[in-house]
Amino acid sequence: SGIAVSVPQSHSALQAAASADIITLSGGNPSQIFFNDRLVTTIELKHELAEGSGASGNKQVVLRADQAAPYGQVIKISNIVVTSGYSLILATRPELGR
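Here the structure is a predicted model, which is why all the values come from computation and not from measurement.

Criteria and cut-off values
Residues numbered from 1 in each chain as written. Predicted model: local features only at pLDDT ≥ 70, side-chain atom pairs only at ≥ 80, totals over all residues. Heavy atoms only, no water. Helix = DSSP H or I, 4+ residues; strand = E, 2+ residues; numbered from the N terminus. Buried < 20%, exposed > 50% of the residue type's maximum accessible area, 1.4 Å probe, protein only. Contact = heavy atoms within 4.5 Å. Areas by Shrake-Rupley, 256 points an atom, 1.4 Å probe, with all protein chains shown as cover. Salt bridge = Lys/Arg side-chain N within 4 Å of Asp/Glu carboxyl O. Axes fitted to C-alpha atoms, helices over the stretch in contact; angles between N-to-C directions. Parallel < 35°, antiparallel > 145°, perpendicular 65-115°, else oblique. Left-handed = near helix turned anticlockwise from the far one by under 90°. Nonpolar A, V, L, I, M, F, W, Y, C, P; charged D, E, K, R; others polar.

A.B. asks: Please clarify how the overall build of the protein chain should be interpreted in this entry.
C.D. replies: Each helix and strand counted, the protein chain has two helices and seven strands in total. Tracing the protein chain from N to C terminus, the helices and strands come up as β-β-β-β-α-β-α-β-β. The proportion of buried residues among the 98 residues of the protein chain is 39%. Sequence-distant contacts, at least 24 apart, represent 70% of the contacts inside the protein chain between residues at least 6 apart. Accessible surface computed for the protein chain: about 5800 Å², of which carbon and sulfur atoms make up 53%.

A.B. asks: What exactly am I supposed to notice about the pattern of salt bridges here?
C.D. replies: Two side chains of opposite charge can pair, provided their charged atoms sit close to one another. Applying the stated criterion across every chain, the model contains one salt bridge. Between R38 and E48 there is a salt bridge, with its nearest N and O atoms 2.3 Å apart. Taken together, the positions of R38 in strand β4 (residues 38–40) and E48 in helix α1 (residues 42–51) put the pair ten residues apart, joining distant regions of the chain. Given a relative accessible area of 15%, E48 falls into the buried group.

A.B. asks: Looking at this structure, I do not really get the packing of α1 against helix α2 (residues 71–83). What am I missing?
C.D. replies: The axes of two packed helices give the description: the angle between them and the distance between them. Viewed as axis vectors pointing N to C, α1 and α2 meet at an angle of 25°, and their least axial separation amounts to 10 Å. The pairing of α1 with α2 is recorded here as roughly parallel in orientation. In the packing of α1 onto α2, the handedness of the crossing is right-handed. In this structure, α1 uses T42, L45, K46 and L49 to contact α2, whose residues at the interface are Q73, K76, I77, I80 and V81. By residue class, the composition of the contact of α1 with α2 is five nonpolar, two polar and two charged.

Given below as structure tokens:
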């Protein structure tokens with residue numbers, strides 16, 4: 001994704017999902033939502049996912065939420081993804097010293 005965010009650190013790691021669709025949630029208030037690098041509203045995001053119009057077609061979404069994004073917004077986006085029938089992967093970065 002070309003949208004710069006600072007994702008939280010985590011000591012756990014998952015395999016990369018190279019062909020997953022990407023949702024990026026910016027920090028700040030209000031947060032901005034990007035679906036595959038295109039600015040969308042929550043209503044547009046629901047429509048995109050319902051139509052299966054993402055790039056991958058494999059029903060996986062990586063959520064790149066800035067660590068400064070409101071937690072409620074992260075949960076709202078997560079719920080949209082899951083209720084649309086997609087597997088959700090939360091993007092993190094390795095903890096320092098690991």
